[in-house]
Amino acid sequence: MAEERLFPKSVDEVILEKVRFFFLPDRTAAFVKNLIDGKVSERALICCHSGCDVCNETIYNCYMAVKKELDLN
């Protein structure tokens, strides 16, 4: 059953929900917010296979999920 809300989720709520869905650290939410706001280019989110503790590809997938939920295509 869908959660009933008086107001829609805020952008920050959606971002944090998706960050946690992708098992990213909560600190990643600020970076995703900067992507949404256009302060960081999504071109930087390419997996370089260097074994980063937070892979850019996972952040990109999270970012795309946020955009989809917020209908920002």
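Model, not experiment: these values are computed from the prediction. Throughout this description, residue numbers start from 1 for each chain and increase along the sequence as written. Residues qualify for local features only when their pLDDT is at least 70, as the model is predicted, and side-chain atom pairs are given and counted only at 80 or more; totals for whole chains, interfaces and linings, by contrast, use all residues. As a rule here, side-chain values cover all heavy atoms of the structure and leave hydrogens and water aside.

Quick notes on helix α2 (residues 28-36)
Exposed residues in this analysis have more than 50% of their type's maximum accessible area, buried residues have under 20%, and partly exposed residues fall in between, with area computed by a 1.4 Å probe over protein chains only. Only DSSP runs of H or I reaching four residues or more are called helices, and only runs of E reaching two or more are called strands; each is numbered from the N terminus. Taken together, the buried positions of α2 are occupied by Thr28, Ala29, Val32, Leu35 and Ile36. Across the axial projection of α2, the buried residues extend over an arc of 110°, all falling on one side. Positive phi shows up at Gly38, right after α2, with a value of about 80°. When we speak of the arc, we mean the arc of directions from the helix axis to the C-beta atoms.

Side note on the environment of Pro25
One can find Pro25 in the loop between α1 (11-21) and α2. Here the alpha-carbon distance between Pro25 and Asp53, two residues 28 residues apart in the chain, equals 9.9 Å. Residue contacts are defined here by distance: any two heavy atoms, one from each residue, within 4.5 Å place the two residues in contact. Apart from residues lying up to four places away in sequence, Pro25 is in contact with Val19 and Val54.

Considering the packing of aromatic side chains
Planes of paired rings set the category: under 30 degrees apart is stacked, over 60 is edge-to-face and the rest tilted, where pairs are Phe, Tyr or Trp rings (Trp by its six-membered ring) whose centres lie within 6.5 Å. For the coordinates displayed, the defined rule picks out 2 aromatic pairs. With 5.2 Å between their ring centres and 80° between their planes, Phe21 and Phe22 make a pair best called edge-to-face. Overall, the relative accessible area of 24% leaves Phe22 in the partly exposed class. On the basis of an interplanar angle of 55° and a centroid distance of 6.5 Å, the ring pair of Tyr60 and Tyr63 is categorised as tilted. Remark: Tyr63 and Tyr60 occur in helix α3 (residues 56-70); sequence separation between them is 3 residues, near one turn of the helix. Judged by its relative accessible area of 28%, Tyr60 is partly exposed.

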